[in-house]
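# Structural description and commentary
Here is what each chain is made of, one letter per residue.
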Amino acid sequence: MQRRSRGINTGLILLLSQIFHVGVNNIPPVTLATLAVNIWFFLSPLKPLLGSCLSVETCYQQKDWQRLLLSPFHHADDWHLYFNMASMLWKGINLERRLGSKWFSYVIVTFSLLTGVVYLLLEFALAEFMNEPGFRRNCAVGFSGVLFALKVLNNHYCPGGFANVLGFPVPNRFACWAELVAIHFISPGTSFAGHLAGILVGLMYTLGPLKKIMEMCAGNFPSPVHYPGQQYYFNSSGYSRYQDYYPHGMPGYSEEVPRDYDAYTAGLSEEEQLERALRASLWDRGNSPPGPLPYGFRLSPEEEMRRKRLHRFDSH
């Protein structure tokens, strides 16, 4: 774990640019709140990194259990924050739309705590079985363990297709494992046990008893609900509206209806969305040829034809 760099926080600027490019009104509330909390703690950390990171020595031996709450929301530097929150942006949009905001918030809180617990168990087991006390002192910080758990959920709900890992197509069901290896091949200093803990927590939810345990603990808390008939539209002004839709044919029905955020992700994979967002953030789109419009902007066929004709006219 490296200390935060000082000076211009390029990663933070790029993250804010990407959020505003998508449109704050187009980001579901729990996802937006998660982004805001992580940015806030980066700018105003509750404790220094060495006081918030998670390890067996600090938590179990020194009884500093508050680190389970602090470590996911603190980041080593601005690029650590950027890559984690850019990933959270797209995972959150897809999963919060599918699960609903209340259940998704429950998932985020549960995963944040449980990923830390599993991480501690993994590091403790490595220290015991390998007779290497250094594993007890490995200190991890950041939201990436939770993101690996969310990645397992996302792949569970969208099992088909392929993910691009280091330029190689990998089936979605194996993408988490491929990314686990790829990240540590590219950046050996990252926490392998922290990322593995996230995958295990995700599998506990999708294949194990975790989801049922959460439902039993929730009691009357609403389970995930999805209404495929509901439509959601976005326009270039950043505002949005619902098409009239009543899940039970009753205009007075007031239960929260998850938004259909596929309307502006255009069916792109997470990697394609990130690639396009990076291009939009780094390039001057005004001087580039007319490629696909930014997320949330749709033209009618007539407007699209007119746009292409204008570009051909300008190019001459």
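All values derive from a computational prediction rather than experimental measurement.

Basis of the calculations
Residues numbered from 1 in each chain as written. Predicted model: local features only at pLDDT ≥ 70, side-chain atom pairs only at ≥ 80, totals over all residues. Heavy atoms only, no water. Salt bridge = Lys/Arg side-chain N within 4 Å of Asp/Glu carboxyl O. Helix = DSSP H or I, 4+ residues; strand = E, 2+ residues; numbered from the N terminus. Buried < 20%, exposed > 50% of the residue type's maximum accessible area, 1.4 Å probe, protein only. Phe/Tyr/Trp six-rings, centres within 6.5 Å; stacked < 30°, edge-to-face > 60°. Lys NZ or Arg CZ within 6 Å of the ring centre and 35° of its normal. Core = buried A, V, L, I, M, F, W, Y, C linked by side-chain atoms within 4.5 Å. Contact = heavy atoms within 4.5 Å. Axes fitted to C-alpha atoms, helices over the stretch in contact; angles between N-to-C directions. Parallel < 35°, antiparallel > 145°, perpendicular 65-115°, else oblique. Nonpolar A, V, L, I, M, F, W, Y, C, P; charged D, E, K, R; others polar. Patch = residues over 30% accessible without salt bridge, like charges linked within 9 Å, V, L, I, M, F, W, Y side chains within 5 Å. Areas by Shrake-Rupley, 256 points an atom, 1.4 Å probe, with all protein chains shown as cover. Polar contact = N/O pair within 3.5 Å; in protein donor to acceptor, adjacent residues only side chain to side chain. UniProt positions renumbered as here; feature names shortened; annotations may be inferred. Pairing = 2+ DSSP bridges. Expected span 1.5 Å × (residues − 1). Bend = angle between axes of the 7 residues up to and from the residue. Disulfide = S-S within 2.5 Å.

## Quick look at the pattern of salt bridges
According to the stated counting rule, one finds 3 salt bridges in the structure shown. Across the salt bridge formed by Lys-151 and Glu-179, the nearest N and O atoms sit 3.5 Å from each other. Placement of the pair is Lys-151 in helix H9 (residues 144-157) and Glu-179 in helix H10 (residues 172-186), with a sequence separation of 28 residues. Assigned by exposure class, Lys-151 and Glu-179 land together as buried.

## Some words on the packing of aromatic side chains
Summed over the entire model, instances satisfying the criterion amount to 7 aromatic pairs. Taking 5.8 Å as the distance between ring centres and 40° as the angle between the ring planes, the aromatic pair formed by Phe-73 and Phe-143 counts as tilted. Highlighted residues: Phe-73 in the loop between helix H5 (67-70) and helix H6 (78-99) and Phe-143 in the loop between helix H8 (134-137) and H9, separated in sequence by 70 residues. Of the two residues, Phe-73 and Phe-143, both sit in the buried class. For the pair Trp-103 and Tyr-106, a centre-to-centre distance of 5.2 Å together with 90° between the ring planes defines the contact as edge-to-face. Remark: Tyr-106 and Trp-103 occur in helix H7 (residues 101-129); sequence separation between them is 3 residues, near one turn of the helix. For Trp-103, a relative accessible area of 1% corresponds to the buried category. Three or more aromatic residues joined by ring pairs make a cluster, and in this case those are Trp-79, Tyr-82 and Phe-83. In this structure, Lys-63 packs its charged tip against the face of Tyr-60, placed 4.8 Å from the ring centre.

## Some points on the nonpolar core
Residues Met-88, Phe-104, Val-107, Phe-111, Phe-143, Leu-150 and Tyr-205 are the most contacted members of the largest nonpolar core, which totals 48 residues. Sorting the residues of this core by element identifies helix H1 (10-22), helix H2 (29-43), helix H4 (56-61), H6, H7, H9, helix H11 (192-206) and helix H12 (210-218) as the ones contributing at least two each. Top element by residues in this core is H6. It accounts for 10 residues. Once you skip the residues sitting within four places of it in the chain, Phe-111 turns out to touch Val-146, Ala-149, Leu-150, Leu-153, Val-201, Tyr-205 and Leu-210. Counting residues in each nonpolar core, the second largest holds 6 residues, with Phe-148, Cys-176, Leu-180 and Ile-199 among its members.

## A look at the packing of H10 against H11
Contact pair H10 / H11: the axes reach a minimum separation of 10 Å and the direction vectors enclose 170°. Between H10 and H11, the angle is such that the two are roughly antiparallel. From H10, Cys-176, Trp-177, Leu-180, Ile-183 and His-184 reach across to H11, where they touch Phe-192, His-195, Leu-196, Ile-199 and Leu-203. Grouping the amino acids of the contact of H10 with H11 by side-chain chemistry returns 8 nonpolar, 2 polar and no charged.

## So, a nonpolar patch on the surface
Residues Leu-166, Phe-168, Phe-185 and Ile-186 make up a contiguous nonpolar surface patch of about 500 Å² in total accessible area. Of the residues examined, Phe-168 reaches a relative accessible area of 57% and is grouped as exposed.

## With respect to the side chain of Asn-26
Structurally, Asn-26 can be placed in the loop between H1 and H2. The exposure class assigned to Asn-26 is buried, which follows from its relative accessible area of 4%. Engagement of the side chain of Asn-26 in a polar contact is seen with the backbone oxygen of Val-22, the distance being 3.0 Å.

## Concerning the UniProt feature "transmembrane region" (unreviewed entry) in the protein chain
Sites flagged by UniProt as "transmembrane region" (unreviewed entry) map to residues 103-127 and 177-206. Secondary structure over residues 103-127 splits into 100% helix and 0% strand, and the C-alpha atoms at its two ends are 36 Å apart. Span residues 177-206 is 83% helix and 0% strand, its end C-alpha atoms 15 Å apart.

## Let's talk about the pairing of strand E2 (residues 168-171)
Of the strand pairs in this sheet, strand E1 (residues 162-165) and E2 are connected by 4 bridges, and their pairing is antiparallel. From the neighbouring strand, Ala-163 faces E2, where its bridge partner is Val-170. Adjacent in sequence and paired antiparallel, E1 and E2 are bridged by 2 residues, among which Leu-166 carries a positive phi angle near 55°.

## Some words on H6
Its 22 residues place the ends of H6 30 Å apart at the C-alpha level, agreeing with the 32 Å of an ideal helix rising 1.5 Å per residue. When the local axis directions of H6 are compared, the greatest deviation, roughly 25°, occurs at Gly-92. Of all 22 residues in H6, 18 are buried, a share of seventy percent or more. N-cap assignment for H6: the residue whose side-chain oxygen lies 3.1 Å from the backbone N of Trp-79 is Asp-77. One or two positions beyond H6, positive phi appears at Gly-100, with a value near 90°.

## Concerning the state of the cysteines
Applying the stated rule across the entire model yields 1 disulfide. Disulfide pairing places Cys-53 opposite Cys-139 at an S-S distance of 1.9 Å. One quick way to see it: the torsion about the S-S bond of Cys-53 and Cys-139 is about 85°, and its sign makes the bridge right-handed. Residue Cys-53 is located in the loop between helix H3 (49-52) and H4, and its partner Cys-139 is located in the loop between H8 and H9; the two are separated by 86 residues in the primary sequence. By relative accessible area, which is 24% here, Cys-139 ends up partly exposed.

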